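# Reading the structure
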Amino acid sequence: MSNNIILVGMPASGKTTIGNLLSDKLTGYTFVDTDSLIEKTQGMSVSDIFKKYSEDYFRKLEYETIQMVCSGGANKIVSVGGGAFENPNNRVTLLKFGKVFYLKSDLDILYYRVSKDTSRPLLQNENPKQILKNLLEKREENYKKAHYTVDTSNLDSDEIIRFILNAANS
Ligand code: S3P
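Parameters at a glance
Along every chain, residues carry numbers that run from 1 in the direction the sequence is written. In keeping with the predicted nature of the model, local features appear solely for residues at pLDDT of at least 70, side-chain atom pairs appear and are counted solely at 80 or more, and the whole-chain, interface and lining totals rest on all residues. For side-chain calculations, the full set of non-hydrogen atoms in the structure is used, while hydrogens and water are omitted. Exposure is judged per residue with a 1.4 Å probe applied to protein chains only, and the accessible area is read against the type maximum: over 50% gives exposed, under 20% gives buried, and values in between give partly exposed. Helix and strand labels come from DSSP, where a helix needs a run of H or I of at least four residues and a strand needs a run of E of at least two; each type is numbered from the N terminus. DSSP-based pairing: two strands are paired if at least 2 bridges between them are found. Throughout, an axis means a line fitted to C-alpha atoms (over the contacting stretch in the case of helices), and angles, computed between N-to-C directions, take values from 0 to 180 degrees. Joining through side-chain atoms within 4.5 Å is the link that ties buried Ala, Val, Leu, Ile, Met, Phe, Trp, Tyr and Cys residues into a set, and such a set is a nonpolar core. Here, two residues are considered to be in contact whenever any of their heavy atoms come within 4.5 Å of each other. Any Phe, Tyr or Trp ring, taking Trp's six-membered ring, that has another such ring centre within 6.5 Å forms a pair; planes under 30 degrees apart are called stacked, those over 60 apart edge-to-face, and the others tilted.

## Notes on the pairing of strand β4 (residues 99-104)
When you tally the buried positions in β4, you get five out of six residues, the bulk of the element. With four bridges connecting them, strand β1 (residues 5-8) and β4 associate as parallel partners. Residue L7 lies in a different strand from β4, and its bridge partner there is F101. Note: β4 against strand β5 (residues 148-151), four bridges, orientation parallel. Residue pairing across strands places L103 opposite V150, the latter belonging to β5.

Printed below as a string of structure tokens:
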């Protein structure tokens, strides 16, 4: 397996933050956040893609973007949107492309982080906590197919980075 590092997990689980911190530590690595890449290539936010087109349309873009990113070589840190690992084709691609880390967080922590954020279309609803809970329960089974689960609830970012770097080097 190559030395690529892939981060999966629920919205607000820290994938982008940890991806950026990892890329500061790992010289020669490039960090790719697939949602940011989609926003750049489409010239609009994920939220607007959902509104203007549909979730299905976004999922197609997400699939194509993951295929494209994972056709590249080594030295990559990739973070994907919270729903990406639900698609079996994405799972196969990502699990082959590198070591996949599931950043696991408690529902309360996730909710606290997303509660003031309007950029996540799936949570723009009367009861975002319930939506988050349902998504977490539904997705956990697939998230656990990652090579590693990092329970981030009681870890600070340095500890999370240390865990990932140790596992990536093993
Ligand atoms: C989604 C999570 C978002 C983004 C899209 C759908 C999801 O990414 O891909 O809004 O299905 O959970 P984050 O996990 O970075 O919020």
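So, next bit.
## Some words on the sheet that holds β1
Read from one edge to the other, the open sheet built from five strands follows the order β2-β3-β1-β4-β5, with strand pairing classed as parallel. Among the strands making up the open sheet, the edge pair consists of β2 (30-33) and β5. Taken over all neighbouring pairs, the strand axes of this sheet differ in orientation by 20 degrees on average, direction set aside.

## Comments concerning the nonpolar core
Within the largest apolar cluster, 25 residues are counted, with the highest numbers of intra-cluster contacts made by I6, V8, M10, V80, L94, V100 and L132. At four residues, helix α7 (residues 128-143) tops the list of elements feeding residues into this core. Once you skip the residues sitting within four places of it in the chain, V100 turns out to touch I6, V8, F85, L94, L95, A146, H147 and Y148.

## Things to note about the packing of aromatic side chains
For any two aromatic rings, the description comes down to two numbers: the centre-to-centre distance and the angle of the planes. Enumeration over the complete set of coordinates arrives at five aromatic pairs. With centroids separated by 6.4 Å and ring planes inclined at 85 degrees, the aromatic side chains of Y148 and F163 adopt a geometry described as edge-to-face. On the criterion of sequence distance, the pair formed by Y148 in strand β5 and F163 in helix α8 (residues 157-169) is long-range, its members being 15 residues apart. Judged by its relative accessible area of 23%, Y148 falls in the partly exposed class. Classification of F163 as partly exposed rests on a relative accessible area of 33%. By the ring-pair criterion, three or more aromatic residues cluster together here, those being F101, Y148 and F163.

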